Amino acid sequence: MSLLEVENLSLTIGDTPILKGMELSVAPGEVMGLVGESGSGKSMTALTVMQLLPHAARASGRVLFDGIDILAATEDQMCALRGDDIGIVFQEPMTALNPVKTIGEQVAEGIRWHTRASRAEAEERARKMLDRVGLPSAKFPLSRYPHELSGGQRQRVVIAIACALKPKLLIADEPTTALDVVLQAQILDLLRDLVTESRMGLLLISHDLAVVTEMADRITILRHGEVMEAGDTARTLSEQLHPYTRQLAQASMHVPARARPHGVGSSQLLLQVEGVTRDYPGRRTSLFRRAPDIRAVDDVSLSMAPGQSVALVGRSGCGKSTLARMILALDRPSSGTIRFRGESITDKSEAELKPARRDMQVVFQDPYGSFDPRQKVEKLVAEPLHVLDKKPTRAERHEMVAHALHEVGLDQRDMDKYPHEFSGGQRQRLSIARAIITRPKLVVADEPVSALDVSIRAQILDLFAELNQKLGIAYLFITHDLSVARAVTDEVLVMHDGKIVERGKTNEVLDHPQSEAAKVLVTAAPNLQRAIARRMQEQG
Amino acid sequence: MTVYLLKRLTIAIATLVLASIVVFAVLEILPGDPARLMLGMNASADQVELLRNQMGLNAPLPWRYLHWAGGLLSLDFGRSYTYSVPVIDLVRERLAVSLPLALIALALSTIIAIPVGLFSASRRGRAGDTVAMGAAQLGVAVPNFWFALMLIYVFAVWLRLVPAGGFPGWGAGLWPALKSLLLPAVALALPQAAILARVTRSALIEVLNEDYIRTARAKGLPYRAVLWRHALRNAMIPVLTILGLQFAFLLAGTIIIENVFYLPGLGRLVFQAITQRDLIVVESVVMLLVAAVIAVNLLVDLSYAVVDPRLRSRQ
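Residues numbered from 1 in each chain as written. Chains lettered and ligands numbered in written order. Predicted model: local features only at pLDDT ≥ 70, side-chain atom pairs only at ≥ 80, totals over all residues.

Which parts of the structure should I look at to understand the overall build of chain A?
Counting secondary structure elements, chain A contains 19 helices and 20 strands. Relative to the 2.2 N^0.38 estimate, which gives 24 Å for 540 residues, the radius of gyration of chain A is 25 Å and therefore close to what a compact globule would have. Referenced to the eigenvectors of the C-alpha coordinate spread, the extents of chain A come out at roughly 70 × 60 × 50 Å. Taking the intrachain contacts of chain A between residues at least 6 apart in sequence as the baseline, contacts between residues at least 24 apart amount to 69%. (Helix = DSSP H or I, 4+ residues; strand = E, 2+ residues; numbered from the N terminus. Rg over C-alpha atoms; globule rule 2.2 N^0.38 Å. Contact = placed C-beta atoms within 7 Å.)

What should I look at first to understand the domain arrangement of chain B in this one?
Accessible area lost on assembly of the parts is the figure often given for the size of an interface. All names here are of chain B. For chain B, the domain assignment lists domain 1 (2-73) and domain 2 (89-313). Computed over C-alpha atoms, the centres of domain 1 and domain 2 are 33 Å apart. With 14 residues of domain 1 in contact, the opposing surface of domain 2 contributes 14 residues. At the level of elements, α1 (2-29) and α2 (34-39) are the ones that each hand at least two residues to the side of domain 1 that touches domain 2. Looking at the side of domain 1 that touches domain 2 residue by residue, the class counts come to ten nonpolar, three polar and one charged. (Domains from an automatic or database assignment. Nonpolar A, V, L, I, M, F, W, Y, C, P; charged D, E, K, R; others polar.)

Whenever I open this one, the interface of chain B and chain A confuses me. Can you help?
On the side of chain A, 28 residues touch chain B, which itself brings 23 residues to the contact. Listed by contribution, the elements that provide at least two residues to the side of chain B that touches chain A are α1, α9 (211-218), α10 (223-234) and α15 (309-313) of chain B. No other element matches the seven residues that α9 of chain B contributes to the side of chain B that touches chain A. Residue composition of the side of chain B that touches chain A, by class: nine nonpolar, six polar and eight charged.

How should I be thinking about the sheet that holds strand β20 (residues 499-505) of chain A in this particular structure?
Each strand in a sheet pairs with its neighbour through backbone hydrogen bonds, running either in the same direction (parallel) or in the opposite one (antiparallel). Residues and elements named next belong to chain A. With mixed pairing, the six strands of this open sheet are ordered in space as β16-β17-β18-β13-β19-β20. At either margin of the open sheet sits one strand with a lone partner, and together these are β16 (360-363) and β20. Ignoring which end each strand starts from, the neighbouring axes of this sheet average 20° apart. Two strands pair when backbone bridges link them, and strand β13 (residues 309-313) and strand β19 (residues 491-496) are joined in this way by four bridges, in the parallel orientation. The residue bridging leucine 312 from the neighbouring strand is leucine 493, located in β19. Packed on one face of the sheet, helix α10 (residues 320-327) meets β13, β17 (442-446), β18 (474-479) and β19 and runs near 150° to β18. (Pairing = 2+ DSSP bridges. Axes fitted to C-alpha atoms, helices over the stretch in contact; angles between N-to-C directions.)

Explain the sheet that holds strand β12 (residues 294-304) of chain A to me, please; I cannot follow it from the model alone.
Residues and elements named next belong to chain A. Strands sit in the order β12-β11-β14-β15 across an open sheet of four strands; the sheet is antiparallel. Of all the strands in the sheet, the pair left with one neighbour each is β12 and β15 (343-344). Pairing geometry for strand β14 (residues 335-340) and β15, over two bridges, is antiparallel. Bridge pairing in β15 links arginine 339 to serine 344. Each of β11 (271-280), β12 and β14 is contacted by α10, which is oriented at about 120° to β11, the strand it contacts most.

Looking at this model, I keep getting lost on the environment of valine 158 of chain A. Mind explaining?
Following the sequence through the fold, valine 158 of chain A ends up in helix α5 (residues 151-163). What makes valine 158 of chain A buried here is the crowd of 30 C-beta atoms within 10 Å. Setting aside its immediate chain neighbours within four residues, valine 158 of chain A contacts Val89, Phe90, Pro93, Ala96 and Leu97 of chain A together with Thr215 of chain B. (Buried ≥ 20, exposed ≤ 12 C-beta atoms within 10 Å, placed from the backbone.)

Just checking my understanding: could you explain the environment of valine 522 of chain A for this structure?
Residues and elements named next belong to chain A. As for its position among the elements, valine 522 is in helix α18 (residues 516-524). Here the alpha-carbon distance between valine 522 and aspartate 481, two residues 41 residues apart in the chain, equals 9.6 Å. For valine 522, the residues in contact, after removing those within four places along its chain, are Leu482, Leu510 and Pro513.

Explain unusual backbone geometry to me, please; I cannot follow it from the model alone.
With glycine set apart, most residues show a phi of negative sign, and most peptide bonds adopt trans. All names here are of chain A. In the Ramachandran plot, arginine 116 falls in the positive-phi region, its phi being about 55° despite a non-glycine side chain. The residue arginine 116 is located in the loop between α3 (103-115) and α4 (119-132) in this model. The exposure class assigned to arginine 116 is exposed, which follows from the 9 C-beta atoms found within 10 Å. Here the phi dihedral of histidine 224 falls at roughly 45°; this positive angle occurs in a residue that is not glycine. Within the element layout of this structure, histidine 224 appears in the loop between β9 (218-223) and β10 (226-232).

Got a minute to help me understand the environment of glycine 275 of chain A in this structure?
Residues and elements named next belong to chain A. Tracing the backbone shows glycine 275 in strand β11. Looking at glycine 275, the number of C-beta atoms within 10 Å reads 12, which means it is exposed. Those residues in contact with glycine 275 that lie beyond four places of it in its chain are Asp299, Ser301, Ser335 and Gly336.

I'm lost on the packing of helix α11 (residues 236-252) of chain B against helix α14 (residues 279-307) of chain B in this one. Help?
Between two packed helices, what matters for the description is the angle formed by their axes and the separation of those axes. Residue and element names in this part refer to chain B. Remark: α11 packs on α14, axes separated minimally by 10 Å, with the N-to-C direction vectors making an angle of 165°. Compared by their axis directions, α11 and α14 come out roughly antiparallel. At the point where α11 passes α14, the crossing takes the right-handed sense. Contact residues: α11 offers Met236, Ile237, Leu240, Thr241, Gly244, Phe247, Ala248, Leu251 and Ala252, while α14 offers Leu289, Ala292, Val293, Val296, Asn297, Val300, Ser303, Tyr304 and Val307. Along the lines of polarity and charge, the residues of the contact of α11 with α14 split into 14 nonpolar, four polar and no charged. (Parallel < 35°, antiparallel > 145°, perpendicular 65-115°, else oblique. Left-handed = near helix turned anticlockwise from the far one by under 90°.)

Can you help me understand the pairing of strand β6 (residues 86-89) of chain A in this one?
Within a regular beta strand, the side chains point alternately toward one face of the sheet and then the other, so they alternate between its two faces. Residues and elements named next belong to chain A. By the alternation rule, side chains of β6 split into Ile86 and Ile88 and Gly87 and Val89, which are all buried. Pairing of β6 with strand β7 (residues 169-173) involves four bridges; the strand directions are parallel. Looking at the pairing, valine 89 lines up with alanine 172 of β7.

Can you walk me through α4 of chain A in this structure?
For an α-helix, the turn length of 3.6 residues means that residues three or four places apart are oriented alike. All names here are of chain A. Relative to the 20 Å expected for 14 residues at 1.5 Å per residue, α4 spans 20 Å between its end C-alpha atoms, a close match to the ideal helical length. Every buried residue of α4 is listed here: Ala122, Ala126, Arg127, Met129 and Leu130. Seen from one end, α4 has its buried residues packed into an arc of 165°, which puts them on one side. Where α4 is buried, its residues meet α3 and α5. Once α4 finishes, glycine 134 follows within two positions and takes phi at roughly 95°, a positive value. (Expected span 1.5 Å × (residues − 1). Arc of directions from axis to C-beta.)

Below is the structure:
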């Protein structure tokens, strides 16, 4: 018998239909993968099972958990289920924990609430649970506050809260999306162990087909609130009978067509980074003492030719974003020099940097956060034009914005719209339009597709490749996602603890990594083809 | 934590010194010679000059500042020209009314505002919220002396529960004294409570949208428990800020209410001192209030650190 049975579930929020006749089941000890793009209703399915929906939501159909009709259950009954028989892990570990309570309190709270255990007992159990998820109390005492932990550690705390009372069902909603690949692999291992340990059912929600394939026994593919296809993971993904399944699978393995390296071998190097180091002062431990300096970037040298596309990969916190900020002259190195088109940018004043700024632009990860919501697209995209020597006239500016929008596949009528009128993918197109409007020679892109759905991601990668060919722009892609590196770069630099530990042709490095750091990254990176092959092998 | 504490303390002392210089300088610049004022219009220039020398008004400016500031530190505020008594005695007498009044009003305002804020935030957009926030809007808009008059009419004139005004002094016993402070405290507290309730509500609403509230609910805690245990403490920072500002206002800004209820408080003292150009009293009371505000701000800063562990570990 199934642990969770969702039958013909429909959900509306206000007048907007979110789920239409959704079907899903999870058996004890089974991992069910729920896959879909943003807005497909994945998270709403999870919140329906927990009955934590927004006020305006109306659900109909049937949701049975362990024989209990969830949709008909009272709030008291739900409170008894939540945190005891059903646990949930959310996507964003940085904000999922209460900043003013210690991790011990937060794990013990649910235990005390449900079991009426004494404070000491509950703390003992919390200690054991934190130990189980890889936070031993010798190193991570219960008195730690969330801000004293990293993202991966916080996600472990959230998992400890969810699993503290050995729930029958664990719902994990994009549990690793905010983490780097190595942490992702660790957290997925932990979840898998917890499932086998106590025959817990796991509903794993993700937009990442590779992750789900590695984890799930069965898979449900959701689109616009409707189930497109459901069944055994290996069979569903190897046969790819449903066109949408095929589309998703292809998009997540998408590699843009690119002619071979553009402009490489030209006489002058575009960018030379020589022996660059960046130290940050250590934390003040008392009035007169500081911890030793933190070396974020350690003696890094690299060079890029015009039109070249280079990936800078590494785990979060390895110093790649700090290096990028220095290349963009947004931060100054503690020592070493950075030359852009042969001229040093490390010792220039803001005014002297203007010509360099014109030729280097940036695209950030978050298409939601990088625009002022109260300004129109024309003004937003035209922003970098102030670095031009001659201020363009209104008509010229209008013309340039229209052209840039056209180049990224948007319509020039979009100029009068506000950012919220665009989807995530379109917004990332806008930030690319903003980056290319000054005809830069170098674009630094910091995780430019991590926040996007697979099909949109494929389109944006295509756009990057196309602009590289057409305009000869050189790219520095900063990413922890190796498939992005593989898709659009010629060369890769692997960074670890502030140092560049390996460099070479992208395919060679990713296929035959030499350094320990690169090996770890490659092994941890989810890979759809590999995962399907392994599943098929396991099942014979 | 010690670093945080020392930093705040240094800032507080520096502010106090700066404020004392400003207060001293402003009163120096103001027209009007205190000696001339004390002696009256008929005094001769020689007499005035003699008194100026006696009062030390002819000494160099920095020396006079140091002398004055040193006096403040040893609670020697000088003598009032008009009352001919040490300023400290005047102030002490008035504080015995103003300080309890401010504290009672502050306590009332908090006791009313926080539950109303919690109630409204947890029922956002529903009828209860609309009614509570409508009342709060009214409370902000209506001046406190109007409340005072209404309170006098209902409780003193009509029900005859409390006196309509005046202060018997603490010598008359605790209850009679408290009774005469009750109505003014309520009149002062209502508008403050209205502001505080709105701040509490909006701070809570912001916090209730946070991810960790969802995490807490997913643990199986009922909504009320989540509200009290997880939301309230996180919403405290803006509430504490407003509380600090309100205390400063309640201590000094009560002149209208003091007049309505015939209370001998600090507000009336300053008002009279200003009209009579009793500059020493003005100076002293202003400095006292500055010190009180700075002390309250320091307290608020420290309470931030108690509420939020992130501030404790930050530099």
